[in-house]
Amino acid sequence: MSAAMKRLAIFFCLAVLAGCAVQNDPSHLLQRKVAGAVGNTLMTPQPGQDGLVTVADGNEFVQCRQSSLLPNWRCEAAGTTMQPSLASVLTPARVTQLAALGFKPDPAFGNYVLEVAPTTDPDQLAAAIVQALSQGYGADIAAAEVDARRLTTQACPPRRNFGQDQAGAINTDPAMAGVSTAACSAMDALTAEPTDAAGADARPTRMPTPNKVPKDVVTAYGPTVAKEMARLRRARTARIWITLDGADGHIQCRPDPADRAFACEATAAAGKSAPQHVGLLHMAGFSDAEGAPNHTRRFPYRQFSDVQMARLLMTLLRDVYGFDGSSFLHAHDELGDVALMPANMRLK
């Protein structure tokens, strides 16, 4: 064999090896799977059904939805509102990478959203999804899984709730129906009426006696706390307040008649669960107080009813500060200490 033929043979072998390397690259393999799922699901709409493609490595996900209710495909990448533990993953540099790919913060569930035209080439969208997982989360691309399915068309499809795996993602698993949220935002999910595993109303039909623990402290104490919020709303001075105690902290609210708002402050969350608890406070709109460990928020009267305020505060007392109803709700106001009782409690 001549030298020229040998060089040609070597070049051909190297080209074949390079092609094989590309074909076996984890990013390329995943991109092919995602493109296939996009083509078979998002690009083939069905009447009364949405298409859903989820690409995930553990809790890090990118999920794209096609719906007759949406003009474009909507892709969401996991955020820290529903998954506070991702705060260590979503560094400013990685959030910048997501932004460069077109993903923008969305206030509804705190995910990062990319609007995609339905005419987009499946390979192009697949490449963006793989890049988002790799550059935005440092995901293990070789371990990432692709799921494609359909769900009944609805404005606010059920999502995995706070504390669940892949929280904030649309959830179509019937086994998870009882612990998912059908809310349209994280705030709505936080203050939603409690439901049992079958989705039925779980509020107690009979209020507990003092020697029984309420089935749900939000429902049990909501009306009582709502009366306290009404008292603050009517005030013409800021020199009154109500402080509600949990096992591990408290929330204090006072009126601001001039600004027509409740001014509330929550003590800093502590312990091993602090990141998740801070995530709940942020979900409820509380911000970290500058120069202080506590969290603060103002609630305009015109935007929040007394009932909404009561449900929100009791939800935070339960989920952040550990109030379980095993004792009466301990509170303080401008006149001193007081023990609040569940609404309509029968004394024996």
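Residues numbered from 1 in each chain as written. Predicted model: local features only at pLDDT ≥ 70, side-chain atom pairs only at ≥ 80, totals over all residues. Heavy atoms only, no water.

**Considerations on helix 2 (residues 26-42)**
- Helix length check: helix 2, at 17 residues, gives a terminal C-alpha distance of 23 Å against a target of 24 Å (1.5 Å per residue), a fit within 8%.
- Along helix 2, the positions that sit buried rather than exposed are L30, V34, A35, A37, V38, T41 and L42. Buried residues of helix 2 fall within an arc of 165° about the axis and therefore sit on the same side. Exposed residues lying more than 90 degrees from the buried face of helix 2 are K33 and N40.
- On its buried face, helix 2 sits against strand 1 (49-57), strand 2 (60-66), strand 3 (73-77), helix 4 (122-137) and strand 6 (145-152). (Helix = DSSP H or I, 4+ residues; strand = E, 2+ residues; numbered from the N terminus. Expected span 1.5 Å × (residues − 1). Buried < 20%, exposed > 50% of the residue type's maximum accessible area, 1.4 Å probe, protein only. Arc of directions from axis to C-beta. Contact = heavy atoms within 4.5 Å.)

**Let's talk about the packing of helix 2 against helix 4**
- Between helix 2 and helix 4, the least distance of the axes is 8 Å, while the angle of their chain directions is 125°. It follows from the interaxial angle that helix 2 and helix 4 lie oblique. Seen from above, helix 2 lies across helix 4 with right-handed handedness. On helix 4, the residues touching S27, L30, Q31, V34, A35, V38, G39 and L42 of helix 2 are P122, D123, L125, A126, A127, I129 and V130.
- Classifying every residue of the contact of helix 2 with helix 4 by side-chain character gives eleven nonpolar, three polar and one charged. (Axes fitted to C-alpha atoms, helices over the stretch in contact; angles between N-to-C directions. Parallel < 35°, antiparallel > 145°, perpendicular 65-115°, else oblique. Left-handed = near helix turned anticlockwise from the far one by under 90°. Nonpolar A, V, L, I, M, F, W, Y, C, P; charged D, E, K, R; others polar.)

**Notes on the sheet that holds strand 13 (residues 295-300)**
- Taken in spatial order, the seven strands make up an open sheet running 12-13-11-10-9-14-15, and their pairing is antiparallel. Sheet topology places strand 12 (287-288) and strand 15 (336-340) at the edges, where each strand pairs with a single neighbour.
- Two strands pair when backbone bridges link them, and strand 14 (residues 329-333) and strand 15 are joined in this way by five bridges, in the antiparallel orientation. Looking at the pairing, H330 lines up with A339 of strand 15.
- Docked against the sheet, helix 8 (residues 306-319) engages strand 9 (242-245), strand 10 (250-256), strand 11 (261-266), strand 13 and strand 14, running at close to 155° with respect to strand 10. (Pairing = 2+ DSSP bridges.)

**Concerning the pairing of strand 3**
- Strand 3 sits mainly inside the fold: five of its five residues count as buried.
- Looking at chain direction, strand 2 and strand 3 are connected through four bridges and run antiparallel. Bridging across to strand 3, Q63 finds its partner in E76.
- The turn joining strand 2 and strand 3, which pair antiparallel and follow one another in sequence, is formed by six residues.

**As for the state of the cysteines**
- Inspection of the entire model under this criterion finds three disulfides.
- In this model, C64 is linked to C75 through a disulfide, with the two sulfur atoms separated by 2.1 Å. On the sign convention where negative is left-handed, the bridge of C64 and C75, at about 110° about the S-S bond, is right-handed. Within this pair, whereas C64 is found in strand 2, its partner C75 is found in strand 3, the two being separated by eleven residues in sequence. Pair check on accessibility: C64 and C75 agree, each one buried.
- Disulfide partners in the protein chain, listed by the sequence order of the bonded cysteines, are 1-2, 3-4, 5-6. (Disulfide = S-S within 2.5 Å.)

**Some remarks on the sheet that holds strand 3**
- Pairing in this open sheet of six strands is antiparallel, and the strands run 4-5-3-2-1-6 from one edge to the other. The open sheet terminates on both sides in strands that have one partner only, identified here as strand 4 (104-105) and strand 6.
- Strand direction decides the pairing type here: strand 1 and strand 6, joined by eight bridges, are antiparallel. Directly across from L52, in strand 6, lies its bridge partner R149.
- Running over the sheet, helix 2 touches strand 1, strand 2, strand 3 and strand 6 and is turned about 170° from strand 1.

**Let's talk about the packing of aromatic side chains**
- Scanning all chains against the criterion turns up four aromatic pairs.
- Geometrically, the ring pair formed by F299 and F304 is edge-to-face, given 5.0 Å between the ring centres and 90° between the ring planes.
- Classification of F304 by relative accessible area gives buried; the value is 12%.
- Cluster of aromatic residues (ring-pair linked, three or more members): F286, F299 and F304. (Phe/Tyr/Trp six-rings, centres within 6.5 Å; stacked < 30°, edge-to-face > 60°.)

**Regarding empty space enclosed by the protein**
- Overall, the coordinates contain one cavity of 30 Å³ or more when judged by the stated rule.
- If you trace the largest cavity, you find it lined by Q63, R65, R74, E76 and I170.
- Only strand 2 and strand 3 provide two or more residues apiece to the lining of the largest cavity.
- Looking at side-chain class alone, the lining of the largest cavity contains one nonpolar, one polar and three charged residues. (1 Å grid on protein atoms, 1.4 Å probe; cavity = no way out; pocket = protein on both sides within 12 Å on 5 of 7 lines; lining within 4 Å. Points joined across faces, edges and corners; volume = space filled by probe spheres on them.)

**Quick look at the pattern of salt bridges**
- For the coordinates displayed, the defined rule picks out 13 salt bridges.
- Residue D147 is joined to R149 by a salt bridge in which the shortest nitrogen-to-oxygen separation is 2.7 Å.
- Here D147 falls in the partly exposed class, since its relative accessible area comes to 28%.
- Classification of R149 as partly exposed rests on a relative accessible area of 35%.
- The closest approach of N and O atoms between R298 and D259, which form a salt bridge, is 3.2 Å. Residue R298 is located in strand 13, and its partner D259 is located in the loop between strand 10 and strand 11; the two are separated by 39 residues in the primary sequence.
- Accessibility expressed as a relative area gives 45% for D259, which makes it partly exposed.
- Put simply, R74, E76, D106, E115 and R159 are held in one network by salt bridges that share partners. (Salt bridge = Lys/Arg side-chain N within 4 Å of Asp/Glu carboxyl O.)

Such coordinate-based values are descriptive only and should not be taken to indicate function.
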